[in-house]
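Residue-level structural notes
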Amino acid sequence: MIVYLGVGSNLGNRKNNIEEGIRKINRLKNTKVLKQSSFIQTDPEGGPGGQPKFLNAALKISTNLSALKLLKRLKKIEKELGRTKAIRNGPRTIDLDILLYGDRMIRSKELIVPHPRMFDRDFVIKPLAEII
Ligand code: ADP
Ligand code: MG
């Protein structure tokens, strides 16, 4: 399955966090990172005020993992990279979102694909447009 992911970070060494995240994604079973967009820096949208700017990128990967399993693995990577606070739209060392999973439409409690907020977020669409 060809899958597009959105990656963002606005805490600590943002570029390192994203690159470490990419390395960890590459190490997932039957999963390869095929393409990586350039990084774009954006002001935080929503969430608490005064938080640092985000660095965002998009990834094209191939995987044999189911969408739900992939989501679980991505959440584990977020944890390993020190994402702790669960403030909505709040600061995070890394955010890994599934943007597109092949041409599937998924609507479950845990997972909605295509990602419901990707279309009104320039910081998702711009890097995605670069590699898709
Ligand atoms: P956001 O990415 O919107 O800033 P979070 O990363 O905290 O917020 O994610 C909140 C929840 O969104 C996750 O626990 C996850 O189960 C759910 N979710 C729903 N659809 C998706 C998706 N396409 N990609 C990633 N997470 C998703
Ligand atoms: Mg997320």
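Let us look at the structure shown here. As the structure is a computational prediction, the values presented were derived from the model and not from experiment.

When its volume is computed, the largest pocket comes out at roughly 860 Å³. Looking at the largest pocket, it is lined by 35 residues, and the ones nearest its centre are Arg-92, Asp-95, Asp-97, His-115 and Arg-117. At the level of secondary structure, the elements contributing two or more residues to the lining of the largest pocket comprise strand 1 (2-9), strand 4 (54-63), helix 2 (67-80), strand 5 (95-101) and helix 3 (122-131). Of the residues forming the lining of the largest pocket, the biggest block, 5 residues, is contributed by strand 5. Looking at the lining of the largest pocket residue by residue, the class counts come to 17 nonpolar, 5 polar and 13 charged.

Attention shifts here to the site of ligand 1. By nearness alone, 13 residues border ligand 1, and Asp-95, Ile-98, Glu-110, Ile-112 and Arg-117 come closest of all. Taking Glu-110, its main chain carries an N or O atom lying 2.6 Å from an oxygen atom of ligand 1. In this structure, Ile-112 approaches ligand 1 through a main-chain N or O atom, which is 2.8 Å from a nitrogen atom. For ligand 1, the protein covers 78% of the area, taking 560 Å² as the surface of the free molecule. Counting residues per element, the ones that place at least two in the shell around ligand 1 are helix 2, strand 5 and strand 7 (112-113). Sort the elements by how many residues they give to the shell around ligand 1 and strand 5 lands first, with 3 residues.

Looking now at unusual backbone geometry. The omega torsion across Val-113 and Pro-114 is -5°, close enough to zero to call that bond cis. Here Pro-114 lies in the loop between strand 7 and helix 3. A positive phi angle, close to 50°, is found at Asn-30, a residue other than glycine. With respect to the helices, strands and loops of the structure, Asn-30 is situated in the loop between helix 1 (14-26) and strand 2 (31-36).

A few words now on the packing of helix 1 against helix 2. Across the interface, helix 1 lies against helix 2 with an axial gap of 10 Å and an inter-helix angle of 140°. By the angle class used here, helix 1 and helix 2 are oblique. The hand of the helix 1/helix 2 crossing is right-handed. On helix 2, the residues that touch Gly-21, Lys-24 and Ile-25 of helix 1 are Leu-74, Ile-77 and Glu-80. Partitioning the contact of helix 1 with helix 2 into residue classes produces 3 nonpolar, 1 polar and 2 charged.

This part takes up the coordination of the magnesium ion (ligand 2). Bound to the magnesium ion (ligand 2) are the protein donor atoms Asp-95 (OD) and Asp-97 (OD), situated 2.1 to 2.2 Å from the metal. As far as burial versus exposure is concerned, Asp-95 and Asp-97 are alike and both buried.

Another point: helix 3. Among all positions in helix 3, only Phe-123, Val-124, Pro-127, Leu-128 and Ile-131 are buried. In a view along the axis of helix 3, the buried residues occupy a sector of 120°, so they form one face of it. Facing away from the buried side of helix 3, by more than 90 degrees, are the exposed residues Asp-122 and Lys-126. Summarising the contacts, the buried residues of helix 3 are in contact with strand 1, strand 2, strand 3 (40-42), strand 4 and strand 5.

The rules behind these values
- Residues numbered from 1 in each chain as written.
- Chains lettered and ligands numbered in written order.
- Predicted model: local features only at pLDDT ≥ 70, side-chain atom pairs only at ≥ 80, totals over all residues.
- Heavy atoms only, no water.
- 1 Å grid on protein atoms, 1.4 Å probe; cavity = no way out; pocket = protein on both sides within 12 Å on 5 of 7 lines; lining within 4 Å.
- Points joined across faces, edges and corners; volume = space filled by probe spheres on them.
- Helix = DSSP H or I, 4+ residues; strand = E, 2+ residues; numbered from the N terminus.
- Nonpolar A, V, L, I, M, F, W, Y, C, P; charged D, E, K, R; others polar.
- Near = heavy atom within 4 Å.
- Polar contact = N/O pair within 3.5 Å; in protein donor to acceptor, adjacent residues only side chain to side chain.
- Areas by Shrake-Rupley, 256 points an atom, 1.4 Å probe, with all protein chains shown as cover.
- Axes fitted to C-alpha atoms, helices over the stretch in contact; angles between N-to-C directions.
- Parallel < 35°, antiparallel > 145°, perpendicular 65-115°, else oblique.
- Left-handed = near helix turned anticlockwise from the far one by under 90°.
- Contact = heavy atoms within 4.5 Å.
- Donors = N, O, S within 2.8 Å, 3.2 Å for Na, K, Ca; no water.
- Buried < 20%, exposed > 50% of the residue type's maximum accessible area, 1.4 Å probe, protein only.
- Arc of directions from axis to C-beta.

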